Amino acid sequence: SKSPYNNNTKDSECEQQQQGSNNNDDVSLMAYSPSVALNMASKVVQEMRHKVCQATGGLTCSAGIAPNFLLAKIASDRNKPNGQVAIGPSHQEDIVPFLYPLPTRKVGGIGRV
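All values reported here derive from a predicted model rather than from experimental measurement.

A word on the pairing of strand S3 (residues 83–86). On S3, burial covers both faces: Gly83 and Val85 on one face and Gln84 and Ala86 on the other are all buried. Bridge analysis of strand S2 (residues 63–65) against S3 gives 3 bridges, and the strand direction is parallel. Bridge pairing in S3 places Ile65 opposite Ala86. In terms of handedness, the path from S2 via helix H2 (residues 69–76) over to S3 forms a crossover that is left-handed.

See the structure below:
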């Protein structure tokens, strides 16, 4: 079945080769369709994670890419350790299927005090 979130990536080693690295810093993501912008952002984050791994001698990090901070934070927790999850911008096609199976306590500020 189709994954409820897009571009779920998990690296087995930090030395894994980067795929399709693009170093064009002048590009505005607003000029692209949401799916193209999400793909570009995923590649940038993949490169950042790879550089962190190289610079720290092997430390890994997880990342979430989403339309807002809250969703990105939840997504970064989804594929630990050393993984990344990207959630597309569509409410019905991307966000709801990603959030629906999660326990309510995964959303910051909801639950027991």
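What follows picks up the thread again.
Moving on: the pattern of salt bridges. On inspection of all chains with the given rule, the structure shows 2 salt bridges. Residues Lys51 and Glu47 are paired through a salt bridge, measuring 3.2 Å at the closest nitrogen-oxygen approach. Of the two residues, Lys51 and Glu47 are both situated in helix H1 (residues 34–55); the distance of 4 residues between them amounts to about one turn of the helix. Judged by relative accessible area, Lys51 falls into the partly exposed class, the value being 47%. Among the salt bridges present, the one from Lys106 reaches Asp77, with a minimum N-O distance of 3.5 Å. A residue pair is termed long-range when its members are at least 10 positions apart, and Lys106 in the segment after helix H3 (91–99) and Asp77 in the loop between H2 and S3 qualify at 29 residues. The exposure class of Lys106 is partly exposed, given its relative accessible area of 40%. By relative accessible area, which is 40% here, Asp77 ends up partly exposed.

Parameters at a glance
- Residues numbered from 1 in each chain as written.
- Predicted model: local features only at pLDDT ≥ 70, side-chain atom pairs only at ≥ 80, totals over all residues.
- Heavy atoms only, no water.
- Buried < 20%, exposed > 50% of the residue type's maximum accessible area, 1.4 Å probe, protein only.
- Helix = DSSP H or I, 4+ residues; strand = E, 2+ residues; numbered from the N terminus.
- Pairing = 2+ DSSP bridges.
- Right-handed = clockwise from strand over helix to strand, strands pointing away.
- Salt bridge = Lys/Arg side-chain N within 4 Å of Asp/Glu carboxyl O.

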